[in-house]
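Observations on chain architecture
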Amino acid sequence: METVLSGIRPTGHLHLGNYFGAVKSFVKMQEEYNCYFFIADWHSLTTCPDPEDIRQSVKTILAEYLACGIDPEKATLYVQSDVRETLELYLYFNMNIYLGELERVTTFKEKARKQPNNVNAGLLTYPTLMAADILQHRAKWVPVGKDQEQNMEMARKCARRFNNIYHVEIFPEPQNFYFSDKAVKIPGLDGSGKMGKSDGNCIYLCDDDKVIRKKVMKALTDNGPQTPNSEKPEIIENLFTFLQICSSKEAYDYFNEQWNNCTIRYGELKKQIADDLCNTVAPIRERILEFSANQDLLEKISRHGAEKARESAAATLKEVRQIIGFNPNER
Ligand code: ADP
Ligand code: TRP
């Protein structure tokens, strides 16, 4: 069975974009692949967050992943900092990658621009830590968004270079995994093209019905179509995307026809979207509350995940140490 791995930084809550763009597919993938899903808490240290925030966010994301349907018996669900083997591999990769290669990564340049007073070495070596995350399990597929393309290229470089230096074939070159030809993109509610935490235009999986309704009712619209069968402007197309992901085909066709014959009423459309989003989110939200109220269970699940992840990483590291020339038993 091929191995799949993906990580998410513990910042804030999961939103509909994360769910429909990523986590829902993880739930499907756990049936067919050997999956590792983890919470990248070490990676979040590049911005020096408050310790209490990290503690809280890790628990939140764990509960939300589980509420979405990630099954700890099928996939290995763990917290990055529970698997110390990753750090050793990170060190080895840092010996093989050049400063110039790391400095050229655009996410590094962007972050350095955003936090000019804290351009730390962790920020620079973010891609080698990510490579260690992936390659410690020798994962073949990594489902991530377009923004991670360069980090993935660095992970392939780490694999290739290690194999070349030591004349081995230990690491496969991990590939980006795209769920379909056309990536699902959940739009924002403010007329922007993408729902995202930093844009503050999200519906969160933990939002209650009242909050969801309020957010949907505030979504931007225009004056309505003036000519039959006209093309939809982006803000209206965005609303139809929501119909597509959470409403019935009948509802979609009903409003599409109204659009085409210029009788559409946006109030009614938004009410339909709000109802259907509430129905989609409510069962997930209930499960989030259940998991969050059971901290013992969360701890048990993360301990179980850490054990499985450590076992896999330790096997890789044992081989790596031998290859590098660290053979404590033969000294
Ligand atoms: P954010 O943009 O809120 O910071 P992340 O960058 O942490 O979210 O994304 C985590 C995962 O969710 C990635 O796989 C990303 O591709 C997916 N994702 C985030 N926002 C969207 C969206 N609006 N539509 C589809 N997928 C998304
Ligand atoms: N860099 C990823 C992000 O910002 C998170 C991440 C860390 C990751 N390590 C990973 C993703 C390994 C995939 C594989 O979203």
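Here the structure is shown first, and the text comes after it.
Because the structure is predicted, anything quoted here is derived from the model rather than measured.

Another point: the site of ligand 1. Taken together, 13 residues are adjacent to ligand 1, and His15, Asn18, Ile186, Met195 and Lys197 come closest. For ligand 1, an oxygen atom lies 3.1 Å from a polar atom in the side chain of lysine 194. Take lysine 197: an N or O atom from its main chain is 2.8 Å from an oxygen atom of ligand 1. Summarising the interface, the protein chains cover 81% of the accessible area of ligand 1, which totals 540 Å² for the free molecule. A class-by-class count of the residues in the shell around ligand 1 yields 4 nonpolar, 6 polar and 3 charged.

Let us now look at the pattern of salt bridges. Within this structure, the stated rule accounts for 18 salt bridges. Residue glutamate 101 pairs with lysine 157 through a salt bridge whose shortest N-O separation is 3.4 Å. Taken as a pair, glutamate 101 in helix α4 (residues 99-103) and lysine 157 in helix α8 (residues 149-166) lie far apart in primary sequence, 56 residues in all. Take lysine 157: its relative accessible area is 22%, and that puts it in the partly exposed class. For the salt bridge of arginine 161 with glutamate 101, the shortest nitrogen-to-oxygen distance reads 2.7 Å. With arginine 161 in helix α8 and glutamate 101 in helix α4, this residue pair connects regions lying 60 residues apart in the sequence. Pair check on accessibility: arginine 161 and glutamate 101 agree, each one buried. What emerges from the salt-bridge pattern is a single network uniting Glu153, Arg156, Arg160 and Glu173.

According to the stated counting rule, one finds 1 cavity of 30 Å³ or more in the structure shown. Looking at the largest cavity, the residues that line it are Gly188, Leu189, Gly191, Ala219, Leu220, Ile235, Asn238, Leu239 and Phe242. Of the residues assigned to the lining of the largest cavity, the class counts are 6 nonpolar, 3 polar and no charged.

About the criteria used
Residues numbered from 1 in each chain as written. Chains lettered and ligands numbered in written order. Predicted model: local features only at pLDDT ≥ 70, side-chain atom pairs only at ≥ 80, totals over all residues. Heavy atoms only, no water. Near = heavy atom within 4 Å. Polar contact = N/O pair within 3.5 Å; in protein donor to acceptor, adjacent residues only side chain to side chain. Areas by Shrake-Rupley, 256 points an atom, 1.4 Å probe, with all protein chains shown as cover. Nonpolar A, V, L, I, M, F, W, Y, C, P; charged D, E, K, R; others polar. Salt bridge = Lys/Arg side-chain N within 4 Å of Asp/Glu carboxyl O. Helix = DSSP H or I, 4+ residues; strand = E, 2+ residues; numbered from the N terminus. Buried < 20%, exposed > 50% of the residue type's maximum accessible area, 1.4 Å probe, protein only. 1 Å grid on protein atoms, 1.4 Å probe; cavity = no way out; pocket = protein on both sides within 12 Å on 5 of 7 lines; lining within 4 Å. Points joined across faces, edges and corners; volume = space filled by probe spheres on them.

Remember that the coordinates give geometry; whether it matters functionally is a separate question.
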